[in-house]
Amino acid sequence: MKTNWTTANIPSQVARRALITGSNSGIGFEAALALARRGAEVILPARTQAKADDAAARILEQVPGAQLYPEILDLAVQASVHAFANRMMERFPGQSLDLMINNAGVMALPKREVTEDGFERQFATNYLGAFALTGLLLPLMKQRAGSRVVTVSSGASNQGRIEFDNLQSERVYKPMQAYSQSKLADLIFTQELQRRLKAAGSPILSIAAHPGYAVTNLQADHLALWMKMTLAVMKPILSHDAAHGALPTLYAAVAAEAVAAGYYGPDGFMEAKGYPKAASIPKRALDGTVAKRLWLESERLTRVKFGALSDVP
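Residues numbered from 1 in each chain as written. Predicted model: local features only at pLDDT ≥ 70, side-chain atom pairs only at ≥ 80, totals over all residues. Heavy atoms only, no water.

Participant: Could you give an account of the overall build of the protein chain, naming the residues involved and the relevant values?
Facilitator: Looking only at helices and strands, the protein chain features 10 helices and 10 strands. Relative to a compact globule of 313 residues, whose C-alpha radius of gyration would be 20 Å, the protein chain shows 18 Å and is just as compact. Taking the principal axes of its C-alpha atoms as reference, the protein chain extends roughly 50 × 50 × 45 Å. Counting contacts in the protein chain only where the partners sit at least 6 residues apart, residues at least 24 apart contribute 74% of the total. When the accessible area of the protein chain is evaluated, it comes to approximately 13,300 Å², of which 55% is carbon and sulfur surface. Placing the 34 positive and 27 negative side-chain charges of the protein chain at their respective mean positions leaves the two points 4 Å apart. (Helix = DSSP H or I, 4+ residues; strand = E, 2+ residues; numbered from the N terminus. Rg over C-alpha atoms; globule rule 2.2 N^0.38 Å. Contact = heavy atoms within 4.5 Å. Areas by Shrake-Rupley, 256 points an atom, 1.4 Å probe, with all protein chains shown as cover. Lys, Arg positive; Asp, Glu negative; His and termini not counted. Charge placed at Lys NZ, Arg CZ, Asp CG, Glu CD.)

Right, here's the structure in full:
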């Protein structure tokens, strides 16, 4: 008989430290709340200190005494990523991090926006920021079983394509195309990071998840009118709330059954809602040649190296 995996299945997280990007709302907030309830120390970065402090206050209302560290991080800005990483290394020196969840993202901006680093904003936030942050903080990850890097992708990755001549949408910009590419890049990164971790003999696992169609402010921000209308029609049938949408991420983060380079999403129709199960990985996410090229290009763009992992052939 099938048993649905819920937050009740999360093992004790006492003496474990987790970092969750985008933890002030939606999937990130629900994941942070669930881990705090199980005793984890949680680092809560958001784009402003006010948002991070607000997230901490809301968690403390439900989990009095939770150990929380609100912080500032804008993944779209490489200087912010580096500054945050430096603060983390000063505050938590040595191998001090058990869990890193790359969750923060933006979706389908109607017009192409360019960050101060010259990157298209969706690719910068959803992928390059996560890539750089992981590389900078990997030395903080505990080299032992149970340590995991979880990267949140999307069902939209199925429509994604890595266009090396259009990574920043400088040639053609289509909102959902740019979003899908960034989320496919997240999946490719998960696979390639695991390959390199394994080659280096590291026990850290790289795992991916997607929330299905979770109702969060990700869909509310910036979407074109036609997309908002489409989502409004689909919502009653295919959607679930952010707390349920966070379950695949939490499963990837803590479930003993989650495997290296695994990908988890909802078990319902079209993987839109439901309880965690192994999700279908797009074939394009498994192309090793593309993965190596994307890794090298990402290192070049962010100027972040992954230590010994960068030397893995």
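Moving on from the coordinates now.
Participant: Tell me about the sheet that holds strand E1 (residues 17-20), and name the residues and values.
Facilitator: If you trace the eight strands from one edge of the open sheet to the other, you get E3-E2-E1-E4-E5-E6-E9-E10, paired in mixed fashion. Two strands in the sheet have a free side with no partner beyond their single neighbour: strand E3 (68-72) and strand E10 (276-278). Each strand of the sheet is rotated relative to its neighbour by a mean of 20 degrees, with strand direction disregarded. The pairing of strand E6 (residues 205-209) with strand E9 (residues 263-266) spans two bridges and is parallel. Within E9, the residue paired with Ala-209 across the bridge is Tyr-264. Most of the contacts of helix H9 (residues 247-254) go to strand E5 (residues 148-152), to which it runs at about 160 degrees, and overall it touches strand E4 (99-102), E5, E6, E9 and E10. (Pairing = 2+ DSSP bridges. Axes fitted to C-alpha atoms, helices over the stretch in contact; angles between N-to-C directions.)

Participant: Pulling in residues and values, what's your account of the layout of surface pockets?
Facilitator: Approximately 180 Å³ is the volume attributed to the second largest pocket. Forming the walls of the second largest pocket are Thr-6, Thr-7, Glu-30, Leu-33, Ala-34, Arg-37, Arg-38, Ala-243, His-244, Leu-247 and Leu-250. When residues of the lining of the second largest pocket are traced back to their parent elements, those giving at least two are helix H1 (26-37), helix H8 (242-245) and H9. When its residues are assigned to classes, the lining of the second largest pocket shows five nonpolar, three polar and three charged. (1 Å grid on protein atoms, 1.4 Å probe; cavity = no way out; pocket = protein on both sides within 12 Å on 5 of 7 lines; lining within 4 Å. Points joined across faces, edges and corners; volume = space filled by probe spheres on them. Nonpolar A, V, L, I, M, F, W, Y, C, P; charged D, E, K, R; others polar.)

Participant: Before we move on, could you go through the pattern of salt bridges and cite the residues and values that matter?
Facilitator: Any two side chains of opposite charge can pair, given that their charged atoms come close. In total, this model carries 13 salt bridges according to the counting rule given. Residues Arg-144 and Asp-98 are paired through a salt bridge, measuring 3.4 Å at the closest nitrogen-oxygen approach. Here Asp-98 lies in the loop between helix H3 (78-91) and E4 and Arg-144 lies in the loop between helix H4 (121-137) and E5, a separation of 46 residues in the sequence. Given the relative accessible area of 43%, Arg-144 is considered partly exposed. Overall, Asp-98 belongs to the buried group, its relative accessible area being 0%. Salt bridges sharing partners connect three or more residues here, namely Arg-16, Asp-98, Lys-142 and Arg-144. (Salt bridge = Lys/Arg side-chain N within 4 Å of Asp/Glu carboxyl O. Buried < 20%, exposed > 50% of the residue type's maximum accessible area, 1.4 Å probe, protein only.)

Participant: Could you give me a rundown of helix H5 (residues 175-199), with the residues and numbers involved?
Facilitator: One turn of an α-helix holds 3.6 residues; hence residues three or four places apart share an orientation. Between its terminal C-alpha atoms H5 stretches 36 Å, which fits the 36 Å expected from 25 residues at 1.5 Å a residue. In terms of burial, H5 is largely enclosed, as 19 of its 25 residues are buried. At the C-terminal side of H5, Gly-201 shows a positive phi close to 75 degrees. (Expected span 1.5 Å × (residues − 1).)

Participant: An account of the packing of aromatic side chains is needed here, citing residue identities and associated values.
Facilitator: Within this structure, the stated rule accounts for 12 aromatic pairs. Judged by centre distance (6.2 Å) and plane angle (65 degrees), the ring pair of Phe-189 and Phe-306 falls under edge-to-face. In this pair, Phe-189 is assigned in helix H5 and Phe-306 in the segment after helix H10 (288-302), connecting sequence segments 117 residues apart. Taken together, the aromatic side chains of Phe-123, Tyr-127, Phe-131, Phe-189, Trp-295 and Phe-306 make up a single cluster linked through ring pairs. Of note, Arg-58 hangs over the ring of Phe-29, and the distance from its end group to the ring centre comes to 4.2 Å. (Phe/Tyr/Trp six-rings, centres within 6.5 Å; stacked < 30°, edge-to-face > 60°. Lys NZ or Arg CZ within 6 Å of the ring centre and 35° of its normal.)

Participant: Any chance you could break down the pairing of E1 for me, citing the residues and the numbers?
Facilitator: Strand residues, when the strand is regular, have side chains that alternate between the two faces of the sheet. Alternating positions in E1 separate into two faces, Arg-17 and Leu-19 on one and Ala-18 and Ile-20 on the other, with burial throughout. On the question of chirality, the crossover connecting E1 to the parallel strand E2 (residues 41-46) by way of H1 is right-handed. Pairing of E1 with E4, which is carried by three bridges, proceeds in the parallel orientation. Across the sheet, Ile-20 pairs through a bridge with Ile-101, a residue of E4. (Right-handed = clockwise from strand over helix to strand, strands pointing away.)

Participant: Tell me about the packing of H3 against H4, and name the residues and values.
Facilitator: Between H3 and H4, the shortest axis-to-axis distance is 10 Å and the interhelical angle comes to 25 degrees. Taken together, the axes of H3 and H4 lie roughly parallel to each other. Note that H3 runs across H4; the crossing there is right-handed. Between H3 and H4, the contacting residues are Gln-78, Val-81, His-82, Phe-84, Ala-85, Met-88 and Met-89 on the first element and Leu-128, Gly-129, Ala-132, Leu-133, Leu-136 and Leu-137 on the second. For the contact of H3 with H4, the per-class residue count stands at 10 nonpolar, three polar and no charged. (Parallel < 35°, antiparallel > 145°, perpendicular 65-115°, else oblique. Left-handed = near helix turned anticlockwise from the far one by under 90°.)

By themselves these figures say nothing about function.
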